[in-house]
Amino acid sequence: MNRNICRATAISALLFTTASSAIAHTDYSEAGTSHWVEGVRGSASEPTERQKAPYGYESTGVPERILVVDKNTRHINVVQLETVSIRFGGKVVNWTFDAYPRRNFSLSNILPGVDGVTVYVDESPMYRGR
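Residues numbered from 1 in each chain as written. Predicted model: local features only at pLDDT ≥ 70, side-chain atom pairs only at ≥ 80, totals over all residues. Heavy atoms only, no water.

K.L.:
Which residues make up the overall build of the chain, and what are the values?
P.N.:
Each helix and strand counted, the chain has three helices and seven strands in total. In the chain, the share of contacts with a sequence separation of at least 24, taken over all contacts with a separation of at least 6, comes to 42%. Carbon together with sulfur atoms contributes 56% to the accessible area of the chain, which is approximately 8,700 Å² in total. (Helix = DSSP H or I, 4+ residues; strand = E, 2+ residues; numbered from the N terminus. Contact = heavy atoms within 4.5 Å. Areas by Shrake-Rupley, 256 points an atom, 1.4 Å probe, with all protein chains shown as cover.)

Okay, here's the thing in structure tokens:
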């Protein structure tokens, strides 16, 4: 009986330590779905693909809205963590803007060939006041 209690305590401590180190950071992913898994899998010396992407990442999620960009478009406004479908001519990309708010950048960083369009990233309401 005493041996079972010791074993259960050791397993609980191990699980708690592993889980707390995996989730002890701010989660900027889509509804927290898979970001923590990457934190567990990733090496401390090698950043994940999402960490290397300063503008966000291509998404397989359902876009919240569709943005049609044409030759007259000069800027688009998005919100941090928002997933949108961007359409320009025959090009379409679903993109999640996992980027720092108020970090403006050229849309050509996401869609090569789309020059002269600036992306303005606003702060997500989820993080206001933090």
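K.L.:
Pulling in residues and values, what's your account of the pattern of salt bridges?
P.N.:
If charged atoms from side chains of opposite charge come close, those side chains can pair. Summed over the entire model, instances satisfying the criterion amount to one salt bridge. R65 is the partner of E82 in a salt bridge, and the nearest nitrogen-oxygen pair spans 2.6 Å. Here E82 is found in the loop between strand 3 (75-79) and strand 4 (83-88), whereas its partner R65 is found in strand 2 (residues 65-69), with 17 residues between them in sequence. Under the relative-accessibility criterion, E82 is labelled buried at 8%. Given a relative accessible area of 32%, R65 falls into the partly exposed group. (Salt bridge = Lys/Arg side-chain N within 4 Å of Asp/Glu carboxyl O. Buried < 20%, exposed > 50% of the residue type's maximum accessible area, 1.4 Å probe, protein only.)

K.L.:
Give me the lowdown on unusual backbone geometry, citing residues and values where you can.
P.N.:
Even without a glycine there, the phi angle at L81 is positive, about 75 degrees. If you trace the backbone, L81 turns up in the loop between strand 3 and strand 4. Among the residues examined, L81 registers a relative accessible area of 13% and is labelled buried.

K.L.:
Run through the environment of M126, naming residues and quoting values.
P.N.:
Along the chain, M126 falls in the segment after strand 7 (118-122). Put simply, M126 and L81 are 45 residues apart on the chain and 9.6 Å apart in space, counted from C-alpha to C-alpha.

K.L.:
Can you tell me about the sheet that holds strand 1 (residues 57-58), naming the residues and giving the values?
P.N.:
Strand order in the open sheet formed by four strands is 1-5-4-2, with mixed pairing between adjacent strands. Only two strands of the sheet have a single partner each, and these edge strands are strand 1 and strand 2. Direction of pairing for strand 2 relative to strand 4: parallel, over a ladder of five bridges. If you follow R65 over to strand 4, its bridge partner there is V84. (Pairing = 2+ DSSP bridges.)

K.L.:
Quick one: what's the story with the pairing of strand 5 (residues 91-96), residue by residue and with numbers?
P.N.:
With two bridges connecting them, strand 1 and strand 5 associate as antiparallel partners. Across the sheet, the residue bridging to Y57 is T96, located in strand 5.

K.L.:
Which residues make up the nonpolar core, and what are the values?
P.N.:
Ranked by internal contacts, the top residues of the largest apolar core, which has 17 residues, are I76, I86, F97, L107, I110 and V119. Going through the elements one at a time, strand 2, strand 3, strand 4, strand 5 and strand 7 are the ones with two or more residues in this core. Setting aside residues up to four positions removed in sequence, I86 forms contacts with L67, V69, I76, K91, V92, V93, W95, F97, L107 and L111. (Core = buried A, V, L, I, M, F, W, Y, C linked by side-chain atoms within 4.5 Å.)

K.L.:
Let's hear about the sheet that holds strand 3: which residues, and what values?
P.N.:
Here we have three strands laid out as an open sheet, ordered 3-7-6, and mixed in their pairing. Edge strands, defined here as strands with exactly one partner in the open sheet, are strand 3 and strand 6 (105-106). Examined bridge by bridge, strand 6 and strand 7 share two bridges and lie antiparallel to one another. Across the sheet, residue F105 finds its bridge partner in strand 7, namely V119.

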